[in-house]
Amino acid sequence: MNLGNMLAQRKDKKIYRDGDYTIKLFDEEYSKADILNEALNQARVEETPLNIPKIIEVTKIDGKWAIVLEYIEGRTLSSLMQENPEKKYEYLERFVDLQIFMNKQQCPMLNKIKDKMHRKISASGLEATIRYELHTRLESMPKHKKLCHGDFNPSNVIITEDNTPYIIDWSHATQGNASADTARTYLLFNLDGDVTTANMYMNLYCKKTDTALQYVQRWLPIVAASQLVKGKPEEKSFLKKWANVVDFE
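Residues numbered from 1 in each chain as written. Predicted model: local features only at pLDDT ≥ 70, side-chain atom pairs only at ≥ 80, totals over all residues. Heavy atoms only, no water.

Enquirer: Help me understand the packing of aromatic side chains in this model?
Expert: Think of a pair of aromatic rings as described by two things: how far the centres are apart, and how the planes are tilted against each other in angle. Under the definition given, this model contains eight aromatic pairs. Between the aromatic rings of Phe26 and Tyr30, the centroid separation amounts to 4.7 Å while the plane-to-plane angle is 55°, which identifies the pairing as tilted. The interplanar angle of 25° and the centroid separation of 6.0 Å between the aromatic rings of Tyr186 and Trp242 together place this pair among those described as stacked. Of this pair, Tyr186 sits in helix α6 (residues 178-191) while Trp242 sits in helix α10 (residues 233-243), and the two are 56 residues apart along the sequence. The pair formed by Tyr186 and Trp242 is uniform in burial state, with each residue classed as buried. (Phe/Tyr/Trp six-rings, centres within 6.5 Å; stacked < 30°, edge-to-face > 60°. Helix = DSSP H or I, 4+ residues; strand = E, 2+ residues; numbered from the N terminus. Buried < 20%, exposed > 50% of the residue type's maximum accessible area, 1.4 Å probe, protein only.)

If you want it as structure tokens, here you go:
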């Protein structure tokens, strides 16, 4: 494998392009179980009608685990929005339509979003009283079996030259209630400081799916608590404020 062309660098992984392949190379300390689970998630989602990069192999390069995927040539929706601000609503509408189509799919072998959220609330570091309220709220939410991405944002959608959308990065994929996925996307826009786009996105999603805004908002403290597990100091105060709200307004 040729690792000469690095596309991106994260805290615990580097992403390279080698011709028709994308190579996601993980640090030595990265959990092998998480790497194999990510590859398994991706393979399971491949069985749906969605356009996603296909897994080529899971291997080791210089002693480090790597996932090799198809390389998808194109532009992310995030970059298109930044370069064409006059088309932002149009791109955002396409983003929501793609999410709705994704949520209509089912992958019955994926982990359940409720189980994942319960684990994250328990590990959030929040006070016991708040954790109890969040666990109780989570358990009361309707149980669905829809495909949820877990990190659905415009930088994870690639538009090819022939205008085909591809969804990438399925490491957090689960099955469950689509409104949890929507609440997380709304949270991600807010964490980026783009409150205007966050509200535009939420209104578009609720209108297109005929979903009550209040219903999605009930997930916000839950997804805020789950985000705390990432341990990012710059997010801690913001997330604690959201997670502390029992009745989010």
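Enquirer: In this structure, what is going on with the pairing of strand β5 (residues 64-70)? I would like to understand it.
Expert: A regular strand carries its side chains on alternate faces of the sheet. Relative to β5, strand β3 (residues 21-26) runs antiparallel, the two being bridged by five bridges. Note that in β5 the partner of Tyr21 across the bridge is Glu70. Across six bridges, strand β4 (residues 55-61) lies against β5 in antiparallel orientation. Its bridge partner lying in β5, Ile61 is registered against Lys64. Connecting the antiparallel pair β4 and β5 is a turn made up of two residues, with Asp62 showing a positive phi of about 50°. (Pairing = 2+ DSSP bridges.)

Enquirer: Can you walk me through helix α3 (residues 88-103) in this structure?
Expert: For the α-helix, the turn length of 3.6 residues means that residues three or four positions removed from each other point alike. In a regular helix each residue adds 1.5 Å, so 16 residues correspond to 22 Å; α3 covers 22 Å between its end C-alpha atoms and thus fits that length. For α3, the complete set of buried residues consists of Tyr91, Leu92, Phe95, Val96, Leu98, Gln99, Ile100, Met102 and Asn103. Tucked inside the fold, the buried residues of α3 contact α2 (77-83), β7 (146-148), β8 (157-159), β9 (165-167), α6 and α7 (195-209). (Expected span 1.5 Å × (residues − 1). Contact = heavy atoms within 4.5 Å.)

Enquirer: Quick question: what am I supposed to make of the packing of α6 against helix α9 (residues 220-228) here?
Expert: For any two helices packed against each other, one specifies the inter-axial angle together with the distance between the axes. At a minimum axis distance of 9 Å, the contact between α6 and α9 shows a crossing angle of 65°. Regarding α6 and α9, the two cross each other, and that crossing is right-handed. Note on element contacts: α9 touches α6 through Leu220, Val223, Ala224 and Gln227, opposite Ala180, Ala183, Arg184, Tyr186, Leu187 and Leu191. The class makeup of the residues in the contact of α6 with α9 is eight nonpolar, one polar and one charged. (Axes fitted to C-alpha atoms, helices over the stretch in contact; angles between N-to-C directions. Left-handed = near helix turned anticlockwise from the far one by under 90°. Nonpolar A, V, L, I, M, F, W, Y, C, P; charged D, E, K, R; others polar.)

Enquirer: Teacher, can you tell me more about the environment of Pro108 here?
Expert: Its location among the elements puts Pro108 in the loop between α3 and α4 (113-122). Exposure remark for Pro108: the relative accessible area of 64% places this residue in the exposed category. When the C-alpha positions of Pro108 and Thr174 are compared, they lie 9.3 Å apart, and in sequence the two are 66 residues distant.

Enquirer: I keep staring at the packing of α6 against α7 and nothing clicks. Help me out?
Expert: Taken N-terminus to C-terminus, the directions of α6 and α7 make an angle of 160°; their axes are 7 Å apart at the nearest point. For the element pair α6 / α7, the angle class is roughly antiparallel. As α6 packs across α7, the resulting crossing turns out to be right-handed. Residues Ala178, Thr182, Thr185, Tyr186, Phe189 and Asn190 of α6 pack against Val195, Thr197, Ala198, Asn199, Tyr201, Met202 and Tyr205 of α7. Of the residues in the contact of α6 with α7, the class split is eight nonpolar, five polar and no charged. (Parallel < 35°, antiparallel > 145°, perpendicular 65-115°, else oblique.)

Enquirer: Teacher, can you tell me more about the pattern of salt bridges here?
Expert: Under the defined criterion, the tally for this structure stands at ten salt bridges. Between Lys143 and Glu139 there is a salt bridge; the shortest N-O distance is 3.6 Å. A network of salt bridges, in which partner residues are shared, links Lys24, Glu38 and Asp169. (Salt bridge = Lys/Arg side-chain N within 4 Å of Asp/Glu carboxyl O.)

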